[in-house]
Amino acid sequence: MAEVEITTPRGVTLAGTFEPGAGTTAVLFAHGFLSDRHSSLRFDILASAYRTAGHATLQIDFSGCGASGDDVVTVAGEVEDLRSASAWLTEQGYPVQVIHAHSFGTLAALRAQPADVVTMVLTGPLTGPMSYPWEEIFSAGQLDDLEVRGFTLIPDDNEAAARQFSVISRQTLADYSLINQAELLGAVRVPVLLVHGSEDEEATELVDLSREGLPLLPPGSRLEVIDGAGHGMRSRIDAVAELALAWVDQHLTAYSR
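Residues numbered from 1 in each chain as written. Predicted model: local features only at pLDDT ≥ 70, side-chain atom pairs only at ≥ 80, totals over all residues. Heavy atoms only, no water.

Chemist: I tried to follow the environment of H55 on my own but got confused; where do I start?
Modeler: Along the chain, the position of H55 falls in the loop between helix 1 (42–52) and strand 4 (56–60). For H55, a relative accessible area of 11% translates into the label buried. Beyond its immediate sequence surroundings of up to four residues, H55 is in contact with G21, T25, V27, Y50, V248 and L252. At 2.7 Å, the side chain of H55 and the side chain of T25 are in polar contact. (Helix = DSSP H or I, 4+ residues; strand = E, 2+ residues; numbered from the N terminus. Buried < 20%, exposed > 50% of the residue type's maximum accessible area, 1.4 Å probe, protein only. Contact = heavy atoms within 4.5 Å. Polar contact = N/O pair within 3.5 Å; in protein donor to acceptor, adjacent residues only side chain to side chain.)

Okay, here's the thing in structure tokens:
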């Protein structure tokens, strides 16, 4: 596997891990909030499964995360990151692409929709507005910083992090809370596989949102709930891989006809 760098139009350098494939298809991964290209190893496992099936893979750190360049973490930035990574894959000879995104990365995937992406696999997807208990997630000092200064620092404890802290802003939190579901999902142009776990409270709320939103997605889109899996999917990563590979094979076959 090769370590690669991809420069976005706004000048931020993205760090990535790329493995070529035998054909012209590639899977592009989009990680969750303040995670990195490994996504607590779940993406490493899934990328290996995709490569075994013959697809190239590209795992990137979003800007401001992991080993990528400094930036304030926002969905708008991640959208540009995904489009830049997709364009890079096309330049390398992979014009038929799949996005596999997890958790908050699914929102960036739904908004980005690079032109060469023909389908998406979204695990633990965020498909509509959620009310998050930010006071339980961030310290009082961090919330004060967001209110007064408009941004705050979050320790970056990912293994390959290039920085001590990531930076989020008030806009970051608004991106995840203020979502117009009809507008978001109604603009999607490719079939989507939504995969949730059944085992935690957050997953239950997200499943309800996905059920409400499924009719807004393109025909053929599907929702699957994996018994025994939490939001992170690690305990049932084998089931995720099986669903994802079958879905991708079906839609790449249909695309090639």
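Chemist: Would you mind going over unusual backbone geometry with me for this structure?
Modeler: As a rule of thumb, non-glycine residues mostly have phi less than zero, and peptide bonds are mostly trans rather than cis. The phi dihedral of L41 is positive, around 75°, even though this residue is not glycine. Even without being glycine, M233 reaches a positive phi, approximately 70°. Within the element layout of this structure, M233 appears in the loop between strand 11 (222–226) and helix 9 (237–256).

Chemist: Honestly, the pairing of strand 4 in this entry has me stumped. Any pointers?
Modeler: The element strand 4 is largely enclosed, with a buried count of 5 among its 5 residues. Every second residue of strand 4 is oriented toward a common face, with A56, L58 and I60 on one face and T57 and Q59 on the other, all of them buried. As judged from the 4 bridges shared by strand 2 (residues 13–19) and strand 4, these two strands associate in the antiparallel manner. Paired with E19 across the strands is T57, a residue of strand 4. In the sheet, strand 3 (residues 25–30) pairs with strand 4 via 4 bridges, with the strands oriented parallel. Following the sheet pairing, F29 is matched in strand 4 by Q59. Handedness of the strand 3-helix 1-strand 4 crossover: right-handed. (Pairing = 2+ DSSP bridges. Right-handed = clockwise from strand over helix to strand, strands pointing away.)

Chemist: Teacher, can you tell me more about the packing of aromatic side chains here?
Modeler: Aromatic rings in a pair are described by how distant their centres are and how their planes are angled relative to each other. Taken as a whole and assessed by the stated rule, the structure comprises 10 aromatic pairs. An angle of 25° between the planes, with centres 4.0 Å apart, marks the rings of F104 and Y176 as stacked. Within this pair, whereas F104 is found in the loop between strand 6 (96–102) and helix 3 (105–112), its partner Y176 is found in helix 6 (residues 170–177), the two being separated by 72 residues in sequence. This pair shows no difference in class: F104 is buried, exactly as Y176 is. Look at W134 and F138: their rings are 5.7 Å apart centre to centre, the planes differ by 20°, and that puts the pair in the stacked class. Of the two residues, W134 and F138, neither departs from the other in class, the shared state being buried. (Phe/Tyr/Trp six-rings, centres within 6.5 Å; stacked < 30°, edge-to-face > 60°.)

So, to be careful, I would describe these as geometric facts and stop short of saying anything about function.
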